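A structural walkthrough
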Amino acid sequence: MAKRRIVLLGPPGAGKGTQAKRLVETTGLTHLSTGDILRDEVAHGTDLGNQAKAYMDRGDLVPDQLIIDMIRGRIETADGFILDGFPRTVAQAEALEKITPLDVVINIDLSRDEVIRRLSARRVCRSCGRIYNLLSNPPQVAGKCDVCGGELYQRDDDRPEVIKNRYDVYMASTAPLIKFYQDRGILVSTDGRRPTDEVFAQITAVISA
Ligand code: AMP
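Residues numbered from 1 in each chain as written. Predicted model: local features only at pLDDT ≥ 70, side-chain atom pairs only at ≥ 80, totals over all residues. Heavy atoms only, no water.

**Some details on the sheet that holds strand β5 (residues 122-125)**
Ordered by their spatial adjacency, 3 strands build an open sheet running β6-β5-β7, and the pairing between neighbours is antiparallel. This sheet does not close on itself; its edge strands, each paired only once, are β6 (131-133) and β7 (152-153). As paired elements, β5 and β7 share 2 bridges and run antiparallel to each other. Residue pairing in the sheet places V124 in a bridge with Y153 of β7. (Pairing = 2+ DSSP bridges. Helix = DSSP H or I, 4+ residues; strand = E, 2+ residues; numbered from the N terminus.)

**Some points on the environment of P139**
Inspection of the secondary structure puts P139 in the loop between β6 and β7. On a C-alpha basis, the gap between P139 and V7 in space is 28 Å, while along the polypeptide they are 132 residues apart. If we skip the residues at most four places from it in the chain, P139 touches Y132, L134, K144, D146 and L152. (Contact = heavy atoms within 4.5 Å.)

**So, the side chain of N107**
For N107, the position within the fold is in strand β4 (residues 104-109). A residue is classified by how much of its surface remains accessible, and N107, at 2% relative accessible area, is buried. A distance of 3.1 Å separates a polar atom in the side chain of N107 from a polar atom in the side chain of S189. (Buried < 20%, exposed > 50% of the residue type's maximum accessible area, 1.4 Å probe, protein only. Polar contact = N/O pair within 3.5 Å; in protein donor to acceptor, adjacent residues only side chain to side chain.)

**Here we look at the sheet that holds strand β8 (residues 187-191)**
Spatially, 5 strands are ordered β2-β3-β1-β4-β8 in an open sheet, and the strand pairing comes out parallel. The sheet terminates laterally at β2 (30-33) and β8, the two strands that pair on one side only. This sheet shows a mean twist of 20 degrees between the axes of neighbouring strands, independent of strand direction. Judged from the 4 bridges that link them, β2 and strand β3 (residues 81-84) form a sheet pairing that is parallel. (Axes fitted to C-alpha atoms, helices over the stretch in contact; angles between N-to-C directions.)

In structure tokens, the structure reads:
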């Protein structure tokens, strides 16, 4: 039976967002990215956005309770989901267990050097959110999205000073979730260095099994 309650785990730049967006097209599941939701809140100048912005700019985690309150309703109303960027701490994972059971957690593995290399070259479409990499997956026309022609931009937190902190924060706060989900017998790891298509094929096989 196809798995419908999926978490994508892995350091920033491992390809969680790219894989989630492709999986949405093939599975029809709801993509829930806490990073995307927060960026939207910041762009609209909401109370939550204003509270979250300073943490995000530094590459630190937004406090657990704000994140849990923000995501709970969306998880409860989704008919199957791909969680991308949540949970990021053990406290968040424990809160998630109380909201819903999970079918599988897919850990996309990537080294520190590769994280830094990839994030420095990442660009995102301002209109449709499609993700590019200037080294491995450049747009056909510099600065423009292949799909919608929108302007490509570099996220504020993809600048070198912030990237290193984001990796350290990942190692300290989020990497312990690998063992957390291993202990629950629902973790599958995949090598994020491989081409996007190969990682996608493996994830598709895992969630279809
Ligand atoms: P992302 O797009 O997933 O890399 O998230 C961008 C930033 O949003 C992170 O560096 C954090 O500041 C914040 N953020 C996203 N998801 C979470 C989360 N689950 N817990 C705490 N902070 C988060």
